[in-house]
Amino acid sequence: MDRAEIFKHMGKRSLRPAQTVLLSVLVGLGTYQAAEAFHAGWTGDCDGCHAPSSLTGEVTVGLSLTSSEICLRCHSAAKPVDYQVATNPIPPPGIPPVSLTPGGDFAYLQKRYYWTDPEEGSSPGERHGHNIVAPAYGYTADVSHPFAPGGSYPAAGLSCISCHDPHGNYRLVDASGTIVQEGNPIIDSGSYGTPPTATEAVGTYRMLAGKGYGTKTVGHTFLYDPPIAVAPRNYNRPEIYVDTRVVYGKGTSEWCLNCHEEFASRTQSSSHIHAAGAELGSAIADTYNYYVKSGDLGGNQSTAFTSMVPFQSGDMTGVQQLADLRTSLGGPRPEDKITCLTCHRAHASPWNGMTRWNTDGSFLLVDSDYPGIDAAGKGGGRNAGGKTRAEYKKAMYDRDPSKFATFQRSLCNKCHAKD
Ligand code: HEC
Ligand code: HEC
Ligand code: HEC
Ligand code: HEC
Ligand code: HEC
Ligand code: HEC
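Quick caveat, the model's predicted, so the values are computed rather than measured.

Participant: Is there a simple way to think about the site of ligand 4 in this case?
Facilitator: The environment of ligand 4 is formed by 18 residues, the closest being His-272, Cys-340, Cys-343, His-344 and Asp-360. Between ligand 4 and His-145, the relevant distance is 3.0 Å, taken from an oxygen atom to a side-chain nitrogen or oxygen of the residue. The contact in question runs from an oxygen atom of ligand 4 to an N or O atom on the side chain of Asp-360, over 2.9 Å. A class-by-class count of the residues in the shell around ligand 4 yields eight nonpolar, nine polar and one charged.

Dropping the structure here:
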């Protein structure tokens, strides 16, 4: 069968309302058990997503608005491991989501935090990241950002496939970072350092969509290709002993501009003024390398890296070279760059604006420990951001507080040392 025939074939199937209701219940329970590898760098069995049990309502293959639900059948779990990026069901108040991937746990989008001491405040779920629309899992569109800030992408159409090509057709074909939609066959995931050869391609990093991409329901076309980047195989884990280093190469910030277009130019009317995609230069690279914690600039380049403040490795495009850096704790060179992902996660985080650390409070540590609403007198309010100490520690990917200063200030200081 060719693609057109498959399309027709699937188009004939439709579900009666009663079946749809039953299905959403099954979806809610997350009954699907995934095989070891599914996409292997590109699409995966058509049935994994297009089988009748994964269809909703009258919409058959044009799954768009509920496509995230299809993905979440496999990509969410009560105790997420590996590729599972959402804790489901959502943990009760006081208990943190537990997926610890570089992208962050989507469950934070359904976590509202609030505090009353010393003043009242709150941090609503929708502020915590990219609000994918997946009603069967409780995810709804962001109402205060109807469009991507600095862009026109509609929040109502935001889904996993807004960013990831479900068919994983974009592929990396050489060591200079050429990405095309068709050509040499994809033989492996492009996320772990397998290089393309003269006759075989690898997928793009995380099957991210590139130039010319759009989904069927949202009239929006991507202008930039995905970043060249490499992750360690073991990327969903606590960072107690060692940081999970994703090595970001060329194109990391540019890719975000596919939807946040205006942030490309800092002179345009945008409140977001921090540079991204700019070289650090030697002064800032040095500060990063010497900075250990507030008040301690006694570090050195070989151990300076922290995944709380990652950077882009120059404009590197060779996945093998990038892969070699995964186990390095080395800090940046002057030609390395600040990126959107230096400060933000890609999916969700416990903090407003999807930042990697709390940029709203004054201190990340108060009197040698993380703040918490349950830690009497030790920095409630904006410092704890409505979290218990246990929740705060999880938000720091289980890092031991002893890594930081007694009164640790914002990690903006990793590059600016104004503390
Ligand atoms: C990871 C989930 C997933 C897998 C696996 C998958 N699809 Fe899809 N497919 C989707 C989603 C989601 C859409 C809706 C795309 C949109 O709305 O833009 C879609 C749409 C389509 C369409 C119609 C739109 C188009 O792009 O022409 C066809 C045809 C299709 N898929 C064929 C296939 C075939 C053939 C396979 C197996 C080789 C396959 N799909 C595997 C998720 C998947
Ligand atoms: C049938 C189960 C299943 C479905 C449905 C599914 N996935 Fe996956 N996905 C997996 C498994 C298993 C892995 C890890 C192994 C692999 O990469 O194949 C994975 C890995 C991934 C990765 C990382 C791949 C890499 O090479 O870095 C991405 C990104 C991803 N999935 C996105 C999606 C999106 C988007 C959808 C919905 C359109 C989806 N998946 C639907 C099972 C699934
Ligand atoms: C706004 C764009 C965007 C949306 C929406 C999005 N992703 Fe991602 N995803 C990314 C990016 C970028 C990365 C790479 C993050 C990194 O390495 O720092 C990623 C990483 C991943 C990974 C690898 C594990 C990780 O978290 O680092 C998986 C699996 C994945 N995405 C699946 C999904 C699924 C399933 C959905 C929908 C429920 C989804 N993504 C929605 C952009 C997106
Ligand atoms: C130096 C750190 C840093 C960098 C680099 C950075 N951001 Fe931000 N960004 C922030 C902070 C801090 C906020 C405010 C968070 C809050 O709400 O408390 C923010 C807010 C945002 C917002 C929400 C704006 C609004 O109107 O609500 C968007 C969207 C955003 N950033 C996108 C991006 C994109 C895209 C890039 C790359 C082009 C980027 N950021 C680079 C730190 C950064
Ligand atoms: C497919 C389009 C798309 C891409 C690509 C995309 N975004 Fe967004 N982003 C949106 C939309 C739509 C919103 C507003 C809806 C929401 O916040 O859920 C948004 C909101 C945000 C916010 C504000 C979150 C909040 O609630 O305060 C930040 C920060 C952000 N994006 C950063 C990024 C970064 C960093 C990247 C690149 C890794 C990126 N975006 C890539 C569409 C996109
Ligand atoms: C990875 C290093 C890095 C981190 C982390 C970082 N910055 Fe920067 N910052 C830079 C670089 C590089 C520049 C200079 C950019 C340029 O003009 O080329 C800069 C410039 C600035 C400027 C000067 C603005 C201007 O336009 O000249 C301010 C203010 C600033 N940063 C604030 C922040 C804040 C606040 C944070 C935390 C939310 C932060 N930075 C985090 C690297 C960083």
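Participant: How should the coordination of the iron atom of ligand 6 be read in this particular structure?
Facilitator: In ideal tetrahedral geometry, four donors around a metal make angles of 109.5 degrees, whereas ideal octahedral geometry with six donors gives angles of 90 or 180 degrees. Only His-274 (NE2) and His-416 (NE2) from the protein coordinate the iron atom of ligand 6, and they sit 2.0 Å from it. Taken together, the six donor atoms surrounding the iron atom of ligand 6 define angles of 86 to 180° at the centre, an arrangement classified as octahedral. Separated by 142 residues along the polypeptide, His-274 in the loop between helix H6 (252–256) and helix H7 (281–290) and His-416 in helix H12 (residues 413–416) bring together distant segments of the chain.

Participant: Can you help me understand the coordination of the iron atom of ligand 5 in this one?
Facilitator: The iron atom of ligand 5 binds to the protein through His-130 (NE2) and His-260 (NE2), with metal-donor distances spanning 2.0 to 2.1 Å. Coordination geometry of the iron atom of ligand 5: the six donor atoms subtend angles of 85 to 180° at the metal centre, consistent with an arrangement described as octahedral. Separated by 130 residues along the polypeptide, His-130 in the loop between strand E4 (121–123) and helix H5 (160–163) and His-260 in the loop between H6 and H7 bring together distant segments of the chain.

Participant: I keep staring at the environment of Ala-141 and nothing clicks. Help me out?
Facilitator: Among the secondary structure elements, Ala-141 is positioned in the loop between E4 and H5. We classify Ala-141 as partly exposed; its relative accessible area is 26%. The sequence separation of Ala-141 and Ala-156 amounts to 15 residues, and the corresponding C-alpha distance is 5.3 Å. Not counting residues within four places of it along the chain, the set of residues in contact with Ala-141 comprises Glu-126, Asn-131, Val-133, Ala-155 and Ala-156.

Participant: Teacher, can you tell me more about the sheet that holds strand E7 (residues 186–188) here?
Facilitator: Each strand in a sheet pairs with another by means of backbone hydrogen bonds, the pair being arranged parallel or else antiparallel. Sheet architecture is open: four strands sit in the order E6-E5-E8-E7, paired in mixed fashion. Of all the strands in the sheet, the pair left with one neighbour each is strand E6 (179–180) and E7. Where E7 and strand E8 (residues 201–203) come together, two bridges link them in parallel fashion. Pairing of Ile-186 across the sheet is with Ala-201, part of E8.

Participant: Any chance you could explain unusual backbone geometry here in plain terms?
Facilitator: When glycine is set aside, most residues are seen to have a negative phi, and most peptide bonds are trans. Here Asn-88 and Pro-89 are connected by a cis peptide whose omega angle stands at 0°. Turning to its location among the elements, Pro-89 is positioned in the loop between strand E2 (86–87) and strand E3 (113–115). Following Asp-117, the chain continues to Pro-118 via a peptide bond in cis, the omega torsion being 5°. Here Pro-118 is to be found in the loop between E3 and E4. Phi at Asp-82 takes a positive value of approximately 45°, unusual for a residue other than glycine.

Participant: Mind showing me how you'd approach the pattern of salt bridges here?
Facilitator: If the charged atoms of two oppositely charged side chains come close together, the side chains can form a pair. Summed over the entire model, instances satisfying the criterion amount to nine salt bridges. Note that Arg-333 is salt-bridged to Glu-335, the shortest N-O span being 3.5 Å. Assessed through its relative accessible area of 34%, Arg-333 is described here as partly exposed. Residues participating in the shared-partner salt-bridge network are Glu-126, Arg-127 and Asp-142.

Participant: Mind showing me how you'd approach the side chain of Thr-215 here?
Facilitator: Within the secondary structure layout, Thr-215 lies in the loop between E8 and strand E9 (229–230). Residue Thr-215 is classed as buried on the basis of its relative accessible area, which comes to 13%. Polar side-chain contacts of Thr-215 include one of 3.4 Å to the backbone nitrogen of Val-218.

So, how was this worked out
- Residues numbered from 1 in each chain as written.
- Chains lettered and ligands numbered in written order.
- Predicted model: local features only at pLDDT ≥ 70, side-chain atom pairs only at ≥ 80, totals over all residues.
- Heavy atoms only, no water.
- Near = heavy atom within 4 Å.
- Polar contact = N/O pair within 3.5 Å; in protein donor to acceptor, adjacent residues only side chain to side chain.
- Nonpolar A, V, L, I, M, F, W, Y, C, P; charged D, E, K, R; others polar.
- Donors = N, O, S within 2.8 Å, 3.2 Å for Na, K, Ca; no water.
- Tetrahedral: all angles 85-135°; square planar, octahedral: opposite > 155°, others 65-115°.
- Helix = DSSP H or I, 4+ residues; strand = E, 2+ residues; numbered from the N terminus.
- Buried < 20%, exposed > 50% of the residue type's maximum accessible area, 1.4 Å probe, protein only.
- Contact = heavy atoms within 4.5 Å.
- Pairing = 2+ DSSP bridges.
- Salt bridge = Lys/Arg side-chain N within 4 Å of Asp/Glu carboxyl O.

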